[in-house]
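Summary of the model geometry
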Amino acid sequence: MRWRNPKAPFSSVLRSRAFVLALLVVLAVLLAGRSVLPLRFWTSSLLAVLAALFLSLASCTAVQFRSAAARFASLSTSAASLALSCTTTLSWPASADLAQVLEQAAQLLRDFGYRPLPVPAPFTGLRAAKHTAGWWGSPVFHFGLLLLLLAAALISLTQTWGRTVLVEGETFTDRRVEYLVFRQGPWASFHPFRVKFRLDRVEATYRPDGQVEDFASAVTLLGQEGRAVAATSIAGGHPLRQGEVTVYRNVFGYAPVVRFAVQNSQERPAPLPFGPRPTLVVLDTLGLSGEGEKYTGSFVEPTSQKKVSFTFLPDYDSTAGRGMSKAPKRPTLLVTVGQDALARQGVLPLGQSLTLAGLSMDFLGYRRWASFTVVSCRGVSLLWAGFLLSLTGAALLYLLNPRWVQLTLSPEGQLCLQGGSRRAPQLLAEDLSRLAERLGARKPESEEGSS
Amino acid sequence: MSGSMVTAEIALHWVAVGFYALSAVLYFVALTFGKERLHRYASSLTWVALAFHTAALGLRWAAAGRIPSYGRYETFSSLVWVAVVVFTALRLARPELEPLGAVVMPVSFLLIGFAVMASPELKSSPRSFSTYWLVIHVLFAKLTFGATLVGTGLGWLGVSQERRAARPIALAATGSAWDKLPPAPVLDELSCRFIGLGFLALAVMLISGSIWANLAWGSYWGWEPVETWSLIAWLVYGIYLHLRRSYGWRGRRAAWVASLGLALFLFALWGLGSVFDNQHSRYFQ
């Protein structure tokens, strides 16, 4: 195998066109196969490809920066050797003042947005370049991508992410046990007590057809000693930020308050909230279109040890036997006591009682619950920097097409127009043809070619 | 008030569909049978269609009180509108590219036909949608489609032009619409410029979408199918640009890769919603 640079075969591979292309193709294939490949294999393959891509990107970006800097430096010296093509030769009568023609050409080039470049000492003519900042486009774009990859890695290593559920009136104190689901990266530190708040109300708005339009959670921020500090709201697009901890809204549902009594036994005096903790949580199943919304959950009644399953329908239509909308117009519980063949089912509207399989239930009311995602991570500013740099680089790359021209005056009174551009030869040809036209030569004799 | 606006908007949409159909047929006939003068009529019909379409979308926007990009009806209608605007801007700048209508207009007609077959019911969006990140996300999604459709069309026109140039002179019809088109290398270069614009727009779409997702749900990236497949389409366009730059891919091979990117983008936009239930599907279906 022949390396581009035998002294550094590793960096040769990292920067090789085939390797970069292969990585991009493998990454696209891996992403496409996410739902069919085994998760462990997919995750490890993705990490390996991203790591290789990071190294390759870093290596290529360094070379691109060096190359752009070298181009800039060479342009600013008079000894720069320009790659030239697209030759047009113009001639003037012997009486013409060629120095004036050259001055006019310089002015025209300035009008076209070119800036003059230094010329070598024995050279009679001028050099100019345009949009050379476009050379920075590719390195800046790739550097932005590099930062994005770095930020993604930093976030996944330092992030803590948890989900919690609060019923109206409950307080969140950022203790680990309050999270239903909790994940943290290997470099993360948990943040107990950085944020404390009480959920006062879940406020939902409904469309005319009864579907939920939006919802927000009104919360009271609490100080470390538990005193109310401020009232605020957590809504979609408006998370609560407390230092490095951010609390996002998630979903909301209902927690019916039901009083149970086992027949022929002493009645339980206090209402039992059918509440939000893992075995009691009312699941949000987002009802199908036209069926209204359902919230389901199950519960083992402690005295009778019977399993009780509830379906809460905010707007129950007894004629149709199903929910109609998500607005709580006729809150109703569909109750199942027991399991399998012994299960007994019944309908329990708000404020009424029902007895099934020896278990008496009073539907006393309902409260809303809301779930929240609590996140803290480092690396977000790096992510933003990556976004901005990659967009800036892409804009430079796309909008600025570097090109340069060289006008050489021969002792025979001919002006040779040459130029170069890797990215936009058509634009260069247009510039040269406009220049030739505006200079008003006696006989513009055009010939396409390269020198 | 809103009801009568929606009725008028639906009628305007159907009129636009009719004009798009006529324009598509004329562009196609002009290019296939070399009837260059038909371009004038096709161009006028496109202007008329665009005027009706703009009025329809304007009414829709006013009636809904938000950018019309919610549900299949609005999403595809506005996609087509942006694609036709991109094409119109291009032919104003370079009238010799008029024959590109033979690619852009039939695709636009099919997509707007697909849009108006969906329910035109005015859906209200959640309040969390009223953020400028969403507007940026949606607008750049549409610009991606417009730029990549035009870019892919130019690529294939370049391929056809190249084949035509390679034919013996006796077989290559002269005085046809093809003569008006620039040579294949110019078409190929323009195609690359538009795909580059699409690549940039898709990057902005992905970034603004992830910022919005973070604000709404606390996560920049959720591995949602539409997100993932849009990223794949972006990677394919990245591969396209690398293939052109590093391996000098031009012509047919480049046009195939550009078409693959466009197909993936459309699959992400609509096809996925039909296969998997996802967060985006309720906005597209």
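Here the structure is shown first, and the text comes after it.
B:Tyr20, B:Val150, B:Leu154 and B:Trp234 are the most contacted members of the largest nonpolar core, which totals 105 residues. No other element matches the 16 residues that helix α7 (residues 184–217) of chain B contributes to this core. Dropping the residues within four chain positions of it, B:Val150 is found in contact with B:Val86, B:Phe87, B:Leu90, B:Leu100, B:Val104 and B:Phe194. The next biggest cluster of nonpolar side chains, apart from the first, holds 39 residues, and it includes A:Tyr179, A:Ile234, A:Val245 and A:Phe310.

This part takes up the environment of B:Gly18. Within the secondary structure, B:Gly18 is located in helix α1 (residues 2–32). Taking the relative accessible area as the measure of exposure, B:Gly18 reaches 31% and is therefore partly exposed.

Another point: the packing of aromatic side chains. By the definition in use, this model includes 27 aromatic pairs over all chains. On the basis of an interplanar angle of 50 degrees and a centroid distance of 5.9 Å, the ring pair of A:Trp135 and A:Trp404 is categorised as tilted. Separated by 269 residues along the polypeptide, A:Trp135 in the loop between β3 (125–130) and α5 (137–158) and A:Trp404 in strand β22 (residues 403–409) bring together distant segments of the chain. Like A:Trp404, A:Trp135 is buried. Pairing A:Phe312 with A:Phe363 gives two aromatic rings, centres 6.3 Å apart and planes at 85 degrees, and the pair type is edge-to-face. Pair noted here: A:Phe312 is in strand β15 (residues 306–313) and A:Phe363 is in strand β21 (residues 359–376), with a separation of 51 residues, a long-range link. Residue classification places A:Phe312 among the buried residues on the basis of a relative accessible area of 1%. The class for A:Phe363 is buried, based on a relative accessible area of 1%. An aromatic cluster of at least three residues, connected via ring pairs, comprises A:Phe65, A:Phe72, A:Trp135, A:Trp136, A:Phe143 and A:Trp404. Above the face of the A:Phe215 ring, A:Arg249 is positioned so that its terminal group lies 4.3 Å from the ring centre. Directly above the aromatic system of A:Tyr398 lies the positively charged group of B:Arg193, at a separation of 4.6 Å from the ring centroid.

This brings us to the interface of chain B and chain A. Residue-level contacts link 38 residues of chain B with 43 residues of chain A. Each partner contributes to the roughly 3,600 Å² buried at the junction of chain B and chain A, and carbon and sulfur atoms together form 64% of this total. Connecting chain B to chain A are 0 salt bridges. Inspection of the chain B/chain A interface yields 6 residue pairs in polar contact (both at pLDDT 80 or more). When residues of the side of chain B that touches chain A are traced back to their parent elements, those giving at least two are α7 and α8 (225–247) of chain B. The dominant element in the side of chain B that touches chain A, judged by the number of residues it contributes, is α7(B), at 16 residues. For the side of chain B that touches chain A, the residue count by class is 24 nonpolar, 10 polar and 4 charged.

Definitions and cut-offs
Residues numbered from 1 in each chain as written. Chains lettered and ligands numbered in written order. Predicted model: local features only at pLDDT ≥ 70, side-chain atom pairs only at ≥ 80, totals over all residues. Heavy atoms only, no water. Core = buried A, V, L, I, M, F, W, Y, C linked by side-chain atoms within 4.5 Å. Buried < 20%, exposed > 50% of the residue type's maximum accessible area, 1.4 Å probe, protein only. Helix = DSSP H or I, 4+ residues; strand = E, 2+ residues; numbered from the N terminus. Contact = heavy atoms within 4.5 Å. Phe/Tyr/Trp six-rings, centres within 6.5 Å; stacked < 30°, edge-to-face > 60°. Lys NZ or Arg CZ within 6 Å of the ring centre and 35° of its normal. Buried area = accessible area lost by both parts, 1.4 Å probe. Salt bridge = Lys/Arg side-chain N within 4 Å of Asp/Glu carboxyl O. Polar contact = N/O pair within 3.5 Å; in protein donor to acceptor, adjacent residues only side chain to side chain. Nonpolar A, V, L, I, M, F, W, Y, C, P; charged D, E, K, R; others polar.

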